[in-house]
Structure formats: C-alpha cells, structure tokens
Amino acid sequence: PFPLGSSLAAFFGLIYIQDRSSMLPPLVLAPPSGAVALDMCASPGGKTGLLAQLCGAEGLVLGNEPNPVRLGTLRRNLEIANLFQTVTAKGPGEDLPLESGAWPYILLDPPCSGWGTVEKHPKVAKLWKGDKIKPLAGLQRALLRRAAELLQAGGRLVYSTCTTNSAENEEQVAWAEENLALRPESFSDPRAENAPSVTLLHVAGGEGEGQGFFVALLKKEALPATAQPPRAEEDSSAAWWANYRERLLPRAVLDSACLDSTRLPPGELAAFGDSLIFMPAKAAGLLPEKLAWRGFGLGKFTGGAARPSPRLRALMSADADCPALNVEEPEPIRRLLSGNSLNFAGQGREVGLYFRNLPLGLLRLRGGRVMWSEG
C-alpha cells in the first residue's frame, strides 16, 4: 500500500523503479556480456544500470552527465545497485573528449520535449511547442554527430526519446542517415516474443504500455580498409595509470570479516583524497586523462585504512567469521534506517545485515549496539 520506490527493497538496491518504455533502449542496443558501452546522457541511471547488467561484471559502461546535481544522482543510483563495472564522467555529450571510433555500443537518449510523458506531466505539451523545440533539435543533432564520431565502424547506436514529436524522432534519424553514415537497422520489439522486426519503434503511451517513447537502432557503415580515418594517439592507458600509480592500493585494504574483495571485477583500487575508488580494468584502455571521469565509489580511505560504504552487499562474505544480524521481519530494519540502534552481542566494527539470509549491507558496531550509518 505504498509506492515501490519507497520500499526497503528499493532502498537497498534490490529493485529499481523505471517506466516500462525506458527499459527498451538498452534491450534494443543489446551489448553482449563483456562488452564496453557508452551512455551519453545517463542520469538518473536506470538505462545505464540496465546496460551494466547486460555487459556483466567483465564489461564496462561509461555514464556521462553534464549537470553536476544529476551526476550525483547517477552515481548514487549506480552505487546503490552495486554496479562496480560502471564509471561516470561530467561533460557535454556533444563534445566528449573520447577517442573517435573506439566505442562499439552507444546509447543516446538526449534531452527532448517529453511529449510522451504528458500523462504524468501535463504541462510539457504547452511548455515545448513551436519554436521552443528548435534548440532541443539542434542539441540532438550535435549529440548524434558526436555519437557517430565515437562509434566504431560496424558499431551499434540506439537513439531514443520520450517524445512523440516526429521532428525529434523520425526526422533526426533521416538526418543522421543522410549526413552521418548511420543506417537504421531492423530489430525485434523486446516487449513480445516472436515480435515482427521494425526499424523504428513507436510506443504510443497509455495504461499498461508505458509512456510514449521512440527507439531507433543505427549502425555505422564500415569503411574500406584504405579509407579508415587515422585514430587519435592514445593517451589513456599506460600514461593514465602511470600518473596515478602512487594512488593505487592493494585490494586487501577492503577485506574484512564481512567483505571479500575477490568479488570485485578485474580492476584497481585507488585513493583520491579520502575517497576509496574502484577503477574497472577496461577503463584504463578507453578513458583519456583529459576526460573528467571517476570510478565506482567504495567508501572512504583515511589514516591508512579503508572505511567501506555500508552498501557493498555484493561483496559481503559468506565467511562464518562475519558477525551477522539476520532478521526475519522488516521492522528491525525500519528501526535501523530511522536512526535507532539495536543491541548486538559481538565484537569488531562491522556487522552484516541480512533479511532471511539475503545480504543487505553493513552495520556499525559500537558499545554493544549496531546502527546504520552512511556518514
């Protein structure tokens, strides 16, 4: 009898609430396990998170967001979901300082008029009409142009919007085909098994269907070998790691009775200021030094010791040495999240919090009482 977004399952990152239509673009892009993908306009992170799950622990997803407030939301949502294979960047998508032709999978869900959300936001139809849409259309084309430059020859690009305005949808795809050597590819509607193939997917919106949406899958034409443009000189692999080698830490700094660092994907731990950051291995070969990017936040590193985030449930050890509070009902969890502490007979600094053996996070133990703290 309350919104699922307010549930304990959502708080601990076990579920993420997202409109049905918004899940379509990552499913249409369909990167395989181990792939690297770029989400050019990523916040709040639902599509980025789904891409990360498709790419798997051995893959990499870069989520870019130019707005600093929305960037914070993006990072928070990815961290709650324990998607360690994600990194984030802050920059204008139309001018991302990435290597051209290096990305096999790109998702572009640009700012749009949002006409498809009119049932939830009735004012959008009045706010975005007439000449007011022209700046949006111009930005969309600038983003499309940069996406085409970054895309590998033969790579896949999904262009999607939450509007039903053809000037931001079909006309943009036609422009990209004419000017950017991008060709629409047919795909099956992910919402139904054995669905007929389409080249452009329109969701009209309405009860049960999801909000109004548009999805197009574009492929970059492969150039003849003799016509391949020269790639920019890489400044992102050995040079980047060399600059930050002194920041790297052994994985063992994260290990404790309740945490097992071997559950992390391939990559490095590093201290940036007092922040403990995980940097997926594939990021070093793709992300140049000039890009303002950050790996996955694992907590703090102060006084030569790690202070892990309480939300690292995916790293929680099954070791019997880990003191655990395993509850059968949600009420004790609600009390902890309300700022209350509970009696606990045990030693150490960390206690694993479980709900019917399902790991949820880490509690702090002080003076015989446990508490939830994200400070």
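These numbers were taken from a predicted model, which means no experiment stands behind them. (Residues numbered from 1 in each chain as written. Predicted model: local features only at pLDDT ≥ 70, side-chain atom pairs only at ≥ 80, totals over all residues. Heavy atoms only, no water.)

Side note on unusual backbone geometry
Looking along the chain, the bond that leaves S43 and enters P44 is cis, with omega of 10°. Positive phi outside glycine occurs at N194, with the angle close to 55°. Among the structural elements, N194 can be located in the loop between β7 (187-188) and β8 (197-198). A residue is classified by how much of its surface remains accessible, and N194, at 79% relative accessible area, is exposed. Although it is not a glycine, N357 sits at a positive phi angle of roughly 75°. (Helix = DSSP H or I, 4+ residues; strand = E, 2+ residues; numbered from the N terminus. Buried < 20%, exposed > 50% of the residue type's maximum accessible area, 1.4 Å probe, protein only.)

With respect to the pairing of strand β2 (residues 60-64)
Burial analysis of β2 places five of its five residues in the buried class, the great majority of the element. Residues of β2 alternate between two faces, with L60, L62 and N64 on one and V61 and G63 on the opposite face, all of them buried. Sheet topology places β2 next to strand β3 (residues 86-89); four bridges connect them, and they run parallel. Bridging from a neighbouring strand, L62 pairs with V87 of β3. Read as a crossover between parallel neighbours, the route from β2 over helix α4 (residues 68-80) to β3 is right-handed. (Pairing = 2+ DSSP bridges. Right-handed = clockwise from strand over helix to strand, strands pointing away.)

Let's talk about the side chain of D19
Along the polypeptide, D19 turns up in the loop between α1 (8-11) and α2 (24-29). What makes D19 buried here is its relative accessible area of 17%. A distance of 2.9 Å separates the side chain of D19 from the backbone nitrogen of S21, its partner in a polar contact. (Polar contact = N/O pair within 3.5 Å; in protein donor to acceptor, adjacent residues only side chain to side chain.)

Notes on the state of the cysteines
Throughout this description, disulfide means a covalent bond between two cysteine sulfur atoms. Considering all chains together, one arrives at one disulfide under this definition. Each sulfur in the disulfide pair C258 and C322 lies 2.2 Å from the other. Taking the sign of the S-S torsion, about 95° here, the bridge from C258 to C322 comes out right-handed. Taken together, the positions of C258 in the loop between β11 (248-249) and β12 (267-272) and C322 in the loop between β16 (305-308) and β17 (324-327) put the pair 64 residues apart, joining distant regions of the chain. (Disulfide = S-S within 2.5 Å.)

Brief notes about the sheet that holds strand β13 (residues 275-280)
With respect to topology, five strands assemble into an open sheet ordered β11-β12-β13-β15-β16, the strand pairing being antiparallel. Edge positions in the sheet fall to β11 and β16, since each has one partner strand and no second. Judged from the two bridges that link them, β11 and β12 form a sheet pairing that is antiparallel. What sits directly across from L249, in β12, is L269.

As for a nonpolar patch on the surface
A contiguous nonpolar patch, built from L4, L14, I15, I17 and L358 and spanning about 420 Å² of accessible area, is present on the exposed surface. In this fold, I17 is placed in the loop between α1 and α2. (Patch = residues over 30% accessible without salt bridge, like charges linked within 9 Å, V, L, I, M, F, W, Y side chains within 5 Å. Areas by Shrake-Rupley, 256 points an atom, 1.4 Å probe, with all protein chains shown as cover. Salt bridge = Lys/Arg side-chain N within 4 Å of Asp/Glu carboxyl O.)

Here we look at the nonpolar core
Residues W103 and L287 are the most contacted members of the largest nonpolar core, which totals 39 residues. In terms of residue count, helix α6 (residues 134-150) provides more of this core than any other element does, five residues in total. (Core = buried A, V, L, I, M, F, W, Y, C linked by side-chain atoms within 4.5 Å.)

Description of the side chain of S22
Counting through the fold element by element, S22 comes out in the loop between α1 and α2. When residues no more than four places from it in sequence are discounted, the contact partners of S22 are K47, Q211 and F213. (Contact = heavy atoms within 4.5 Å.)

A few points about α4
Along its 13 residues, α4 runs 18 Å from first to last C-alpha, staying within 8% of the 18 Å computed at 1.5 Å per residue. When we look at burial in α4, the residues that qualify are L71, L74, L78 and I80. With a side-chain oxygen positioned 2.9 Å from the backbone nitrogen of V69, the residue opening α4 is N67. Remark: N82 follows α4 within two positions and exhibits a positive phi of approximately 60°. (Expected span 1.5 Å × (residues − 1).)

Some remarks on the confidence of the model for the protein
Low pLDDT means the predicted coordinates in that region are not meant to be read closely. For the protein, the average pLDDT comes to 90, and 89% of its residues sit at 70 or higher. Below a pLDDT of 50 lies the segment residues 226-237, which in the model reaches 19 contacts outside its immediate sequence neighbourhood of four places, other chains included. (pLDDT = per-residue confidence, 0-100.)

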